[in-house]
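Chain by chain, the residues:
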Amino acid sequence: QVQLVESGGGLVQAGGSLRLSCAASERTFGSYAMGWFRQAPGKEREFVSRISRSGGSTYYADSVKGRFTIYRDNAKKSVYLQMNSLKPEDTAVYFCAADRTVTVHTSPVAYDYWGQGTQVTVSS
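Let us look at the structure shown here.

Thresholds applied
- Residues numbered from 1 in each chain as written.
- Predicted model: local features only at pLDDT ≥ 70, side-chain atom pairs only at ≥ 80, totals over all residues.
- Heavy atoms only, no water.
- Salt bridge = Lys/Arg side-chain N within 4 Å of Asp/Glu carboxyl O.
- Buried < 20%, exposed > 50% of the residue type's maximum accessible area, 1.4 Å probe, protein only.
- Helix = DSSP H or I, 4+ residues; strand = E, 2+ residues; numbered from the N terminus.
- Disulfide = S-S within 2.5 Å.
- Core = buried A, V, L, I, M, F, W, Y, C linked by side-chain atoms within 4.5 Å.
- Contact = heavy atoms within 4.5 Å.
- Pairing = 2+ DSSP bridges.

### Comments concerning the pattern of salt bridges
Under the definition given, this model contains six salt bridges. Note that Arg38 is salt-bridged to Glu46, the shortest N-O span being 2.6 Å. Residue classification places Glu46 among the partly exposed positions, given a relative accessible area of 35%. For the salt bridge of Arg67 with Asp90, the shortest nitrogen-to-oxygen distance reads 2.8 Å. On the criterion of sequence distance, the pair formed by Arg67 in the loop between strand E6 (58-60) and strand E7 (68-73) and Asp90 in the loop between strand E8 (78-83) and strand E9 (92-99) is long-range, its members being 23 residues apart. Classification of Arg67 by relative accessible area gives buried; the value is 10%.

Right under this line is the structure:
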């Protein structure tokens, strides 16, 4: 069982930046690909970004490409999401998730473990 805990959310003005962190309990953290998803009120959970086990491959939703950066530190059992040039439409609860497989998944149903989420609110 992998426990994931997100942090770093908050309230920021449009154009600002936030860095989300996700800390894992699992000592074999490096054997999981990691993803970030978000869910706005009344909307489905959507893919934001994914990073491979080694960190060598990253993937982004078109809506965040060029503004968000995902990276990981396997020694610290953590994955991060640096969010720049934030927009009001980025407002959502952000979740990190762990995937035991190497197949690049953008559907939330493919991920095995989830954190509790952290709220990001971008004001206009």
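### Some details on the state of the cysteines
Evaluation of the coordinates by the stated rule reveals one disulfide. There is a disulfide in this structure between Cys22 and Cys96, and the S-S distance comes to 1.9 Å. Between Cys22 and Cys96, the S-S dihedral sits near 50 degrees, and the bridge is therefore right-handed. Of this pair, Cys22 sits in strand E3 (residues 18-24) while Cys96 sits in strand E9; the two residues are 74 residues apart in sequence, bridging distant segments of the chain. One exposure class covers both Cys22 and Cys96, and it is buried.

### Overview of the nonpolar core
Counting residues in hydrophobic clusters, the biggest one holds 34 residues, and the most contacted among them are Leu4, Met34, Trp36, Leu81, Met83 and Tyr94. Of all elements in the fold, only E3, strand E4 (33-39), strand E5 (46-51), E7, E8, E9 and strand E11 (118-123) reach the threshold of two or more residues within this core. Take this core: its biggest share by element is five residues, from E9. If we skip the residues at most four places from it in the chain, Leu4 touches Cys22, Ala23, Ala24, Met34, Cys96, Ala97, Ala98, Tyr113, Trp114, Gly115 and Gln116.

### Things to note about the pairing of E9
Where a strand is regular, its side chains alternate between the two sheet faces. With seven of eight residues buried, E9 lies mostly within the body of the structure. In the sheet, E9 pairs with E11 via three bridges, with the strands oriented antiparallel. By the bridge assignment for E11, Val93 is matched with Gln119. Direction of pairing for E9 relative to strand E10 (residues 113-114): antiparallel, over a ladder of two bridges. Residue pairing across strands places Ala97 opposite Trp114, the latter belonging to E10.

The quantities given are spatial measurements derived from coordinates; they are silent on function.
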